[in-house]
Structure formats: structure tokens, C-alpha cells
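For reference, the chains in residue letters:
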Amino acid sequence: MARKLTALGPGSYRLSAAMRTEGHQGSDTLRWRISCADAGPGESLFNETAGMAGSFAIQGAFTVPASCPVQRFEIFATTGYSPGDVTLAIASPNLRRNEARP
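Quick look at the structure, then. Just so you know, the residues in each chain are numbered from 1, in the order the chain's sequence is written. The predicted nature of this model means local features are confined to residues of pLDDT at least 70 and side-chain atom pairs, given and counted, to a pLDDT of 80 or more, with totals for whole chains, interfaces and linings taken over all residues. Only hydrogens and water are removed before side-chain values are computed, so all heavy atoms of the structure are retained for them.

### Let's talk about the packing of aromatic side chains
In this description, a pair of aromatic rings is defined by centroid distance and the angle of the planes. How we decide: Whether two aromatic rings pair depends on their centres lying within 6.5 Å, for rings of Phe, Tyr and Trp, where Trp uses its six-membered ring; planes under 30 degrees apart make the pair stacked, over 60 edge-to-face, and the rest tilted.
By the definition in use, this model includes three aromatic pairs. Linked through ring pairs, Y13, F46, F62 and F73 together constitute an aromatic cluster.

Written out as C-alpha cells, the structure is:
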């Protein structure tokens, strides 16, 4: 559905995003996955799935290792077969680096 390459430095991060959908069915889901750009299909730094429910959010933490200079952010929607469209709006995605604690 959507892909973006990034170049985050090594460290710990937190991702959150509020979302809204229209036209979805009860079993429809949305998955956010972050992986190293050169990683195999089953290797993820972050992999969260949420049921589409009108207004909902996804959040979680992940760590980028030094061996991962480029990351791939992906969003996938899984929907049932029905006539019509599913609309997704992502409001205020927030990606922040966790502060190191002494």
C-alpha cells in the first residue's frame, strides 16, 4: 500500500500514529512494518497490526542496529472482498528517538 526508505541512525525509537478509516469491514486490518532495507521477508524491526475501527492508533518501540543504515517503512491493508473503497487517513504520525538514560 505504501513504502518509504529512511536513514535513521542506530538507536531506540518510538512510533505512534492516529488513523481513521471509512468503508472498512470488521475484519479489515492495517499493518505497519519497519525493516532493514536489505533484510529478508521475515526480518522486522517493528511489526504491528491493528484492526480498522473508524478511529484507531498504532504505537510501539523499535531499535535500529548499527548494521542497518537504511530502513524500509511499509503500511499494508488487508481487506475483505466487498464493493466500494476503503479510505485511510493517517493523522500526525510521530517518530521520535528515545533519550539515552544515564
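### Description of the state of the cysteines
What counts is decided by this rule: We call a pair of cysteine sulfur atoms a disulfide whenever their separation is within 2.5 Å. What counts as a helix is a DSSP run of H or I of at least four residues, what counts as a strand is a run of E of at least two, and both are numbered from the N terminus. Here's how the labels work: a residue is buried when its accessible area is under 20% of the maximum for its type, exposed when over 50%, partly exposed in between, all with a 1.4 Å probe on protein chains only.
Applying the stated criterion to the full structure yields one disulfide. The residue that forms a disulfide with C36 is C68, at a sulfur-sulfur distance of 2.2 Å. Measuring handedness by torsion sign, the sulfur bridge of C36 and C68 sits at about -130° and is left-handed. Here C68 lies in the loop between β5 (55-64) and β6 (71-78) and C36 lies in strand β3 (residues 29-36), a separation of 32 residues in the sequence. C36 gets classed as buried once you look at its relative accessible area, which sits at 12%. Here C68 falls in the buried class, since its relative accessible area comes to 1%.

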